[in-house]
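Observations on the model geometry
Chain residues, written in single-letter form:
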Amino acid sequence: MPILGLSPNQPPSFPQHFDVESVIRPNILALHPYRCARDDYSQGILLDANENALGHSIVWNTNGSTAEEPSSPLTRGIEDTLSLPLHRYPDPVHLPIKQRIASLRSLPSPENVFLGVGSDEVLDLLIRVFVQPGVGPDGQGRSYDKILITPPTYGMYSVCAQVNDVGVVKVPLRIKEGDIGGQEGGKTGRFSLNVDALKAAVIHEQRDLGNTIKVIFLCSPGNPTGTLLDPESIKEVLEWSEFKGIVVVDEAYIDFVGSGEADDAKMDEEIHKKSAASLVGKYHNLVVTQTLSKSFGLAGIRLGIALASVPIVQILSNTKAPYNISVPTAHLALKALSPESLSLWRSNVRTLTASRISLIQSLQDLSKQNDNDLGVGSIIGGNDANFVLVRILEKAKGDKERKPDSARAQKIYKRLAEQTGVVVRYRGNELGCDGCLRITIGTEGENAMTVEKLQEAMKLL
């Protein structure tokens with residue numbers, strides 16, 4: 001059965017072993033999408049959607065501004081938002097936003113772009129579209145659809161799977177010191193993708209247990225690893241004929257992979273070369289998820305993005321809730337993707353990239369004080385995101401080798417938050433992240449204060 005709404009003039013699928021219609025759940029493939037009121041007509045006297053023709057009832061007190069500051073940016077922003085057609089349902093397509101995203105990410109067409117309420121809606125929707133619900137006793141059994149994840153990784157993949165009653169297969173990234181050769185990331189370094197182990201897990205599930213791996217979730221750069229996955233390893237999975245499902249590459253942090261190139265065009269090209277978005281035009285079994293929450297600084301508007309082949313975008317569009325992107329979100333997203341805003345966005349990314357280098361240096365300086373009596377360990381991972389992952393070691397005990405200390409790290413984390421108001425993230429419970437704190441790159445002042453308070457806490461604990 002063809003995907004409803006999809007033009008029949010689609011190019012041949014690549015890789016050849018992939019057939020998108022066979023991967024989609026049959027009930028989703030047969031779904032007749034909800035027809036939005038704005039699908040047919042969006043101009044004129046609009047009396048078709050049971051909206052409130054009188055408009056919203058929000059009273060904005062414009063007298064709240066002081067005489068010295070009659071029109072602050074916040075005031076102007078609120079007034080700007082309230083002037084939008086909030087009484088009307090939003091455009092169900094948002095073509096201008098998709099056009100700007102397609103241009104920024106060098107995609108073949110806006111038809112390769114899907115928009116969701118944050119990346120989490122996109123991730124959940126991908127599971128609902130492709131993976132049949134149902135798990136065996138204790139998650140075991142035969143003839144089930146499953147997803148595959150590569151811990152340590154973003155926790156929402158497992159949460160979405162559990163919500164949708166879907167089994168999860170876990171294939172860890174490389175974490176053993178003896179296997180990584182002292183390297184971070186790349187083909188075989190720490191937190192790299194173990195392609196051989198992944199293939200073995202898929203074969204075991206499919207041949208030995210009769211299950212089907214429908215979606216493989218790869219986080220690149222990873223969270224909490226901060227490590228970009230090797231593009232050739234991703235290609236190897238995409239082209240592996242034994243796997244006939246979807247590969248999802250979650251790129252929430254992709255804009256931080258660059259070196260801070262000063263030239264705009266060179267900066268965009270550097271990101272593009274390292275992004276799996278560069279593969280979307282070729283691989284029809286690939287979905288790349290991105291967001292405006294991280295590098296764009298718009299976590300509050302909740303706009304997630306999927307970049308994929310036209311058939312996948314069409315089936316996602318058929319399945320999503322109507323009007324999922326609100327009028328204020330669409331308005332702000334379009335402004336964020338304007339040429340003027342993109343110039344500031346690039347500048348902010350350069351600043352955060354430079355601040356990451358400075359924070360790493362400050363943490364390394366702490367480890368060099370008094371033979372590292374504080375116990376600041378190594379910074380692990382590829383440092384390809386807007387955070388660093390630093391290990392906390394045991395307190396010094398003579399000449400004994402000091403190991404990562406998760407219990408101490410958690411105590412330091414709690415003291416920072418509860419006593420000093422500095423909130424970082426304890427990650428010592430994640431695979432391969434023993435004793436780790438994840439520190440987001442803040443402003444210059446925030447970074448300096450964090451290092452200062454971390455030093456104080458480590459002296460006490």
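Right, let's walk through the structure included here. (Residues numbered from 1 in each chain as written. Predicted model: local features only at pLDDT ≥ 70, side-chain atom pairs only at ≥ 80, totals over all residues. Heavy atoms only, no water.)

Some remarks on unusual backbone geometry
As a reminder of what qualifies: A run of H or I in DSSP counts as a helix once it spans at least four residues, and a run of E counts as a strand once it spans at least two, with each numbered from the N terminus. Burial classes follow relative accessibility: with a 1.4 Å probe on protein chains only, a residue under 20% of its type's maximum area counts as buried, one over 50% as exposed, and anything between as partly exposed.
Cis rather than trans, the peptide bond between P151 and P152 has omega equal to 0°. By the secondary structure assignment, P152 is in the loop between strand 2 (145-149) and helix 6 (156-163). In this chain, S220 is followed by P221 through a cis amide linkage whose omega measures -5°. Position of P221 among the secondary structure elements: in the loop between strand 4 (212-219) and helix 9 (231-239). Backbone geometry places N50, a non-glycine residue, at a positive phi of 55°. Mapped onto the secondary structure, N50 falls in the loop between helix 2 (26-29) and helix 3 (73-82). Look at N50 and you get exposed, because its relative accessible area is 75%. At D165, a position not held by glycine, the phi torsion is positive, near 60°. As for its placement among the helices and strands, D165 is situated in the loop between helix 6 and strand 3 (167-170).

Brief notes about the nonpolar core
As a rule of thumb, soluble globular proteins bury nonpolar side chains together. Worth spelling out the cut-off: The definition of a nonpolar core used throughout is a set of buried Ala, Val, Leu, Ile, Met, Phe, Trp, Tyr and Cys residues joined through side-chain atoms within 4.5 Å. Contacts are assigned to residue pairs with any non-hydrogen atoms lying within 4.5 Å of each other.
Among the nonpolar cores identified, the biggest contains 64 residues, and L148, F296 and L307 are the most heavily contacted of them. What L307 contacts, discounting residues up to four positions off in sequence, is I101, R105, L107, N112, V113, A277, V280, L286, V287, V288 and Q290. Listed in part, the 36 residues of the second largest apolar core include I127, A161, V166 and V287.

Observations regarding the packing of helix 4 (residues 95-104) against helix 12 (residues 327-336)
Selection rule: For helices, the fitted line uses only the C-alpha atoms of the stretch in contact; every axis is such a line through C-alpha atoms, and the angle between N-to-C directions lies from 0 to 180 degrees. Handedness of a crossing is defined here by the sense of rotation of the near helix relative to the far one, left-handed for an anticlockwise turn of less than a right angle and right-handed for a clockwise turn. By the convention adopted, Pro, Cys, Tyr, Trp, Phe, Met, Ile, Leu, Val and Ala count as nonpolar, Lys, Arg, Asp and Glu as charged, and the other residues, Gly among them, as polar.
The interhelical angle for the contact between helix 4 and helix 12, taken along N-to-C directions, is 35°, at an axis separation of 10 Å. Viewed along their axes, helix 4 and helix 12 form a crossing whose handedness is left-handed. Here helix 4 contributes P96, I97 and R100 to the contact with helix 12, which in turn contributes A330, A333 and L334. Partitioning the contact of helix 4 with helix 12 into residue classes produces 5 nonpolar, no polar and 1 charged.

With respect to helix 6
Count 3.6 residues to each turn of an α-helix, and residues three or four apart come out pointing the same way. Put simply, the rule is: What the arc measures is the spread of directions leading from the helix axis to the C-beta atoms.
Of the residues making up helix 6, those classed as buried are Y157, C160 and A161. Along the axis of helix 6, the buried residues cluster in a sector spanning 100°; they form a single face. In helix 6, the exposed residues that point more than 90 degrees away from the buried face are Q162 and V163. Against helix 5 (118-130), strand 2, strand 3, strand 4 and strand 5 (246-250) lie the buried residues of helix 6.

What about the sheet that holds strand 2?
Put simply, the test is: Strands were regarded as paired on the criterion that DSSP finds at least two bridges between them.
Taken together, 7 strands build an open sheet; the order of strands is 1-7-6-5-4-2-3 and the sheet is mixed. Because the sheet does not close on itself, it has two edges, and the strands there are strand 1 (113-116) and strand 3. Ignoring strand direction, the axes of neighbouring strands in this sheet form an average angle of 25°. One ladder, built from 4 bridges, connects strand 2 with strand 3; its direction is parallel. Looking across to strand 3, one finds that I147 is bridged to V168. Sheet strands in contact with helix 9 are strand 4, strand 5 and strand 6 (286-291), and its direction is about 160° off that of strand 5.

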